[in-house]
Amino acid sequence: MKYLILSTMVGMVFFLTACNNSATEQHVKTDSMASKKDWWKEVVVYQIYPRSFKDSNGDGVGDLKGIISKLDYIKSLGIDVVWLNPIFESPNKDNGYDISNYEAIMKDFGTMADFDTLLHGMHERGIKLVLDLVANHSSNQNKWFIEARKSRKNPYYNYYHWWPAEKGKPPFRQGFFDINGSAWTFNPATNSYYLHYFSQYQPDLNWENPKVREEIFDMMKFWFNKGIDGFRMDVIPFISKDTSFPVITPEILKEKYNGDWAQYYASGPNLHEYLREMNAQVLSKYTDMSVAEGAGVTLETANKFVDANRHELNMLYNFDGVSYGYVPGKFKTPEPDGYKLPGFKQIYTRWDSVFATKGWGTIYLGNHDQPRMVTRWGNDSPEFREPSSKMLTTFLLSMRATPYYYFGDELGMCNIKFDKIDDYRDIETLNMYQQIKNKGGNLQEFLNAQKISARDNGRTPFQWSNAPNAGFTTGTPWIKVNPNYATVNVEDEAKEPNSCLNYFKKMVLLRKTYKDVLVYGKYQLLDPDNPKIYAYTRGNGANKVLVILNFSKDHVGWDIPEGMQVKPTPLINNYNSFLPGKTISMEPYQAVIVGLQ
Ligand code: GLC
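Keep in mind it's a predicted model, so treat the numbers as computed, not measured.

Caption draft 1: Focus on helix H11 (residues 271-286). Across its 16 residues, H11 extends 21 Å between first and last C-alpha, which sits within 8% of the 22 Å expected from 1.5 Å per residue. For H11, the principal kink sits at Asn279 and spans about 50 degrees. Restricting attention to buried positions, one finds in H11 the residues Leu271, His272, Tyr274, Leu275, Met278, Asn279, Val282 and Leu283. Buried positions along H11 lie against strand S5 (128-133), helix H8 (210-226), strand S9 (230-233), strand S10 (289-293) and helix H12 (302-306).

Below you can see the structure in the form of structure tokens.
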């Protein structure tokens, strides 16, 4: 270990020397014209799923006081911004993504006073707080919907989208979490169907109604006036709808939207007008940081959201990366022989190039809608969990995009891989199971796939120590704890200099120390067809590093490209071994960042 620290420090000294020559500065300036420097491009965002972070009162559910008690841990990671999943009042059909009161705190999580303490505690430590804006839909228990569904004459009726039953059945729309897969549910009192792109408990708000936009913008101001620093915007590309609800046949969907309902939903007629309005009325007055969940957004449409000249949002995260490696047409079912690295590289390379001259990207491999990154993209076997987790951390923190890092990934937490449907809590898994069952489909095949892809894999309690329930709660946790907490936990990893946790901190520090290179420097893919090694350079002119990542469990020799000369000591390395030469031998899942001479 001493060797690792020493070699890293020596590497940094070598590297700094290279950074000091004037030819280098010239290059940095030229390229930075493309990417204007902004604080939100330089941060590392740490995402916390409050339900599973830390329970303070023994009810088995994480809460705000729990987060408050761990602020020093969060600070110790070196991250700059925390994104909290929804903390607002909610019946929790979709764990807070169904909000019944946008200006109140969910009872399970605590009180407004707890929130104020939390925000203050973060700001005191120099950490910014980003909240989740869930405004495409509300809960069906929101007072607006409770009123709306009473009668067509109710003033809130037009806060939602309806299809009057006298016109017959509404044209099909997909409801992602609906047992029958439909986005329309009949409401007898109004003799009409209401629209819900997710479950029947999440009716879509009618943004075409100016009153609704006003309510949402006022609510955003309420939170900004409390002092929050920005919003992550849940499925924000879906907010505008063609309210004539034209028939979308499978053929149209295929031809115009690549067969993907999300792409259709993300192309509403007034979407960008509403985002500009939101920017003018709210964002521009309060914050520089907004990030869209870019569901349905493509390489072609991305810059419409984040090109600075359009005055809409700052960042978005796309789904191309995390959707890769699933069998087409089969719900989140991994390819039987795993994903192919060249395709993976292509996706991240294309998304880098979209933002080469305008806009700015994000990068993530895990979040509350994804399984654990080490299981899905690395290797969670006892032998390779650690190196592959560190390798993925190296990838995330060495790309030209703002990293959104999911809590627990810094420990190398893995999928829990439930055997039984009864262990799951997520509406997506439970309703899809029911849908397949009703159709007489193959339930075992579905359960096998969910072991790799289910969202609940990323939602199990954070592993603080090897005390009962991983130190998460003194009660019964709302979802089972991964039994590997006995060894994978903060307390043990903090003591082990070589742990995933300490590696993450080092990598965060490295990204910050070499901002010009690791944040803003040009990204250049090398050896695109190599099936095991992902290699690229970052930087400009003489001010460059080489990143070599072995995405396989094999020892692999990788030939340095002709004319390229690496420095003797890496800046970071998840193994002790590194012998520069014409061919570099890479250990299983080894990750190295090394300066170029
Ligand atoms: C987003 C959220 C997800 C939620 C869905 C519906 O995709 O990230 O967790 O279930 O929207 O709100």
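Caption draft 2: Expanded view of the sheet that holds strand S18 (residues 572-573). Ordered by their spatial adjacency, 5 strands build an open sheet running S14-S15-S16-S20-S18, and the pairing between neighbours is antiparallel. Unpaired on one side and paired on the other, strand S14 (523-526) and S18 mark the two borders of the sheet. Pairing geometry for strand S16 (residues 543-550) and strand S20 (residues 591-595), over 5 bridges, is antiparallel. Paired with Val547 across the bridge in S20 is Ile593. The sheet strands contacting helix H14 (residues 341-354) are S14 and strand S15 (533-540), and the helix crosses S15 at an angle near 20 degrees.

Caption draft 3: Layout of the packing of helix H17 (residues 427-438) against helix H18 (residues 443-453). Look at H17 against H18: their axes get within 10 Å of each other, and the N-to-C directions meet at 160 degrees. In terms of orientation, H17 lies roughly antiparallel with respect to H18. Crossing angle aside, the handedness with which H17 passes H18 is right-handed. Counting all contacts with H17, which are made through Thr429, Met432, Tyr433, Ile436 and Lys437, the residues of H18 involved are Leu443, Phe446, Leu447 and Gln450.

Caption draft 4: Geometry of the side chain of Asn431. Along the polypeptide, Asn431 turns up in helix H17. The exposure class assigned to Asn431 is buried, which follows from its relative accessible area of 15%. Among the polar contacts listed, one links the side chain of Asn431 to the backbone oxygen of Phe177, at a separation of 2.8 Å. In this view, Asn431 contacts Phe177 and Ile179; residues no more than four positions away in its chain are not counted.

Caption draft 5: Region of the structure containing the nonpolar core. One finds Ile74, Met220 and Tyr534 to be the most contacted residues of the largest nonpolar core, which totals 148 residues. Among residues more than four places away in sequence, those in contact with Ile74 are Tyr46, Ile48, Phe53, Ile67, Ile79, Val82 and Ile127. Formed by 21 residues, the second largest nonpolar core is a distinct cluster that contains Phe177, Tyr193, Trp261 and Ala266.

Caption draft 6: Examining the packing of H8 against H11 more closely. In contact at an axis separation of 10 Å, H8 and H11 are set at 20 degrees when each is read in the N-to-C sense. By the angle between their axes, H8 is roughly parallel relative to H11. Handedness of the H8/H11 crossing: right-handed. Where H8 abuts H11, its residues Arg213, Phe217, Met220, Lys221, Phe224 and Asn225 lie against Tyr274, Glu277, Met278, Gln281, Val282, Leu283 and Tyr286. Here the residues of the contact of H8 with H11 are counted per class, giving 8 nonpolar, 2 polar and 3 charged.

Caption draft 7: Fine view of the site of the ligand. Asp94, Asp234, Glu293, His368 and Asp369 are the nearest of the 13 residues found near the ligand. Within the side chain of His368, a nitrogen or oxygen atom sits 2.8 Å from an oxygen atom of the ligand. Within the contact set of the ligand, an oxygen atom lies 2.4 Å away from a side-chain nitrogen or oxygen of Asp369. Considered on its own, the ligand offers 310 Å² of accessible surface; in the complex 96% of this is hidden by protein.

Caption draft 8: Focus on the domain arrangement of the protein. On domain assignment, one finds that the protein holds domain 1 (2-32 + 521-595), domain 2 (40-134 + 364-506) and domain 3 (143-195). Between domain 1 and domain 2, the C-alpha centre-to-centre distance is 31 Å. Residue-level contacts link 20 residues of domain 1 with 17 residues of domain 2. The largest share of the area that domain 1 buries against domain 2 comes from Ile572, Asn574 and Tyr589, three residues that together contribute 32% of it. At the junction of domain 1 and domain 2, the tally comes to 0 salt bridges. On inspection of domain 1 and its partner domain 2, the count reaches 5 residue pairs in polar contact (both at pLDDT 80 or more).

Caption draft 9: Main features of the state of the cysteines. Per the stated rule, a full pass over the model turns up 0 disulfides. The cysteine Cys414 is free of any disulfide, with Cys500 supplying the nearest cysteine sulfur at 8.9 Å.

Caption draft 10: Quick look at the packing of aromatic side chains. Throughout the structure, instances matching the rule amount to 64 aromatic pairs. With a centroid separation of 6.3 Å and an interplanar angle of 90 degrees, the aromatic rings of Phe344 and Tyr534 are classed as edge-to-face. Here Phe344, found in helix H14, pairs with Tyr534, found in strand S15; they are 190 residues apart in sequence, far enough to count as distant. When sorted by exposure, Phe344 lands in the same class as Tyr534, which is buried. Through pairs of rings, three or more aromatic residues link up here, namely Phe172, Phe176, Phe177, Tyr197, Phe198, Phe238, Tyr257, Trp261, Tyr264 and Tyr265.

Caption draft 11: Here's a closer look at the environment of Trp184. Among the secondary structure elements, Trp184 is positioned in strand S7 (residues 184-187). When the C-alpha positions of Trp184 and Arg173 are compared, they lie 7.3 Å apart, and in sequence the two are 11 residues distant. Once residues within four sequence positions are removed from consideration, Trp184 is found in contact with His161, Trp162, Trp163, Pro170, Pro171, Arg173, Tyr193, Tyr194, Leu195, His196 and Phe245. Polar contacts involving the side chain of Trp184 include one to the main-chain carbonyl oxygen of Pro171, which spans 2.9 Å.

Parameters at a glance
Residues numbered from 1 in each chain as written. Predicted model: local features only at pLDDT ≥ 70, side-chain atom pairs only at ≥ 80, totals over all residues. Heavy atoms only, no water. Helix = DSSP H or I, 4+ residues; strand = E, 2+ residues; numbered from the N terminus. Expected span 1.5 Å × (residues − 1). Bend = angle between axes of the 7 residues up to and from the residue. Buried < 20%, exposed > 50% of the residue type's maximum accessible area, 1.4 Å probe, protein only. Contact = heavy atoms within 4.5 Å. Pairing = 2+ DSSP bridges. Axes fitted to C-alpha atoms, helices over the stretch in contact; angles between N-to-C directions. Parallel < 35°, antiparallel > 145°, perpendicular 65-115°, else oblique. Left-handed = near helix turned anticlockwise from the far one by under 90°. Polar contact = N/O pair within 3.5 Å; in protein donor to acceptor, adjacent residues only side chain to side chain. Core = buried A, V, L, I, M, F, W, Y, C linked by side-chain atoms within 4.5 Å. Nonpolar A, V, L, I, M, F, W, Y, C, P; charged D, E, K, R; others polar. Near = heavy atom within 4 Å. Areas by Shrake-Rupley, 256 points an atom, 1.4 Å probe, with all protein chains shown as cover. Domains from an automatic or database assignment. Buried area = accessible area lost by both parts, 1.4 Å probe. Salt bridge = Lys/Arg side-chain N within 4 Å of Asp/Glu carboxyl O. Disulfide = S-S within 2.5 Å. Phe/Tyr/Trp six-rings, centres within 6.5 Å; stacked < 30°, edge-to-face > 60°.

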